[in-house]
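# Overview (structure and organization)
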Amino acid sequence: MKFELSELPYDLNALEPYISRMNLELHHEKHNQTYITNLNSRINGTKFKNLDLETIIKVADGPVFNDAAQVWNHIFYFEGLKPGNNTLKGPFADVIKRNFGSVSFFKNSFIKAALSLFGAGWVWLVLNPKGLMEIIQKSNAGNPLRIGLIPLLTCDLWEHAYYLDYQDKRKDYLEAFWKLINWEMIEKRYNKFTARVD
Ligand code: MN
């Protein structure tokens, strides 16, 4: 399977002022494209060549895993955002409250996990096999599917995700990220999983 760069669900300037067009363009069209190009060349002629991305993530190791997981993580990250100053409300806010006590405790916990990750990686909101939410950190290309967790939301903590806009101020990037979360998409991912286990 030859992988191609997926289209963003919004324009390159649509996340401004929180993420600039320049930062998003570089992130999507250069960084993510490089992972795709490298993945295609690594799997060409190997046992991975006809597998879908999710399967490669679950079974591959080393450079093939790294590139495949980075491609998957980026698609998931970009699809989890949408333009605007978005807030979490309605029935899904109640689900978050059931898991974390309050929306503000959830936000603080997520941001704390994101700030305390050393180096490059991702912070994730996931569902464990019992259907309970957890916040976890993953270094480098780490992906929760590897360990049987269902990803609901992720934030890219590689410096390329925010350095043009925020330099070393990761906290400012996280506050901006929070305003861009597409809660309807996160709820959809949650509902898809819970419908499957019911
Ligand atoms: Mn990235």
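Worth saying up front: this structure is predicted, and the values here are computed from it rather than measured.

With that settled, consider the packing of aromatic side chains. Enumeration according to the criterion identifies 19 aromatic pairs in this entry. With 6.4 Å between their ring centres and 35 degrees between their planes, Trp72 and Trp124 make a pair best called tilted. Taken together, the residues Trp72 in helix 3 (residues 62-79) and Trp124 in strand 1 (residues 121-127) connect sequence positions 52 residues apart. In terms of burial, Trp72 and Trp124 fall into one category: buried. Feature note: the residues Trp72, Phe76, Tyr77, Phe78, Phe100, Phe106, Phe110, Trp122, Trp124, Phe177, Trp178 and Trp183 constitute an aromatic cluster, connected by ring pairs. Just above the ring of Phe65 sits the side chain of Arg146; from NZ or CZ to the centre is 4.4 Å. One residue, Arg189, lies across the ring of Phe76, its end atom 3.5 Å from the ring centre.

Attention now moves to helix 5 (residues 103-116). Here helix 5 is 14 residues long and its end C-alpha atoms lie 20 Å apart, about the 20 Å a rise of 1.5 Å per residue gives. Looking only at helix 5, the buried set comprises Phe106, Phe110, Ile111, Ala113 and Ala114. The buried side chains of helix 5 occupy one side of the element, clustering within an arc of 160 degrees when seen end-on.

Splitting the protein by domain gives domain 1 (21-79) and domain 2 (91-197). Put simply, the middle of domain 1 and the middle of domain 2, counted by C-alpha atoms, are 20 Å apart. The interface of domain 1 with domain 2 comprises 22 residues on the first partner and 26 residues on the second. Carbon and sulfur atoms make up 61% of the area that domain 1 and domain 2 hide from each other, which totals about 1,900 Å². A per-residue breakdown of the area domain 1 buries against domain 2 is headed by Asn23, Phe76 and Tyr77, which together make up 36% of the total. On the surface where domain 1 and domain 2 come into contact, there are one salt bridge. The partner of Asp61 in a salt bridge is Arg146, with the nearest N and O atoms 2.8 Å apart. For the interface between domain 1 and domain 2, the tally reads 16 residue pairs in polar contact (both at pLDDT 80 or more). Counting residues per element, the ones that place at least two in the side of domain 1 that touches domain 2 are helix 1 (21-43), helix 2 (53-59) and helix 3. No other element matches the ten residues that helix 3 contributes to the side of domain 1 that touches domain 2. Here the residues of the side of domain 1 that touches domain 2 are counted per class, giving eleven nonpolar, seven polar and four charged.

At the metal site, the manganese ion is ligated by His27 (NE2), His74 (NE2), Asp156 (OD) and His160 (NE2), and these contacts range over 2.0 to 2.1 Å. Here the donor residues of the manganese ion share one chain and are spaced in sequence as H-x46-H-x81-D-x3-H. With His27 in helix 1 and His74 in helix 3, this pair connects stretches of sequence that are 47 residues apart. His74 carries the same exposure label as His27, and that label is buried.

Parameters at a glance
Residues numbered from 1 in each chain as written. Predicted model: local features only at pLDDT ≥ 70, side-chain atom pairs only at ≥ 80, totals over all residues. Heavy atoms only, no water. Phe/Tyr/Trp six-rings, centres within 6.5 Å; stacked < 30°, edge-to-face > 60°. Helix = DSSP H or I, 4+ residues; strand = E, 2+ residues; numbered from the N terminus. Buried < 20%, exposed > 50% of the residue type's maximum accessible area, 1.4 Å probe, protein only. Lys NZ or Arg CZ within 6 Å of the ring centre and 35° of its normal. Expected span 1.5 Å × (residues − 1). Arc of directions from axis to C-beta. Domains from an automatic or database assignment. Contact = heavy atoms within 4.5 Å. Buried area = accessible area lost by both parts, 1.4 Å probe. Salt bridge = Lys/Arg side-chain N within 4 Å of Asp/Glu carboxyl O. Polar contact = N/O pair within 3.5 Å; in protein donor to acceptor, adjacent residues only side chain to side chain. Nonpolar A, V, L, I, M, F, W, Y, C, P; charged D, E, K, R; others polar. Donors = N, O, S within 2.8 Å, 3.2 Å for Na, K, Ca; no water.

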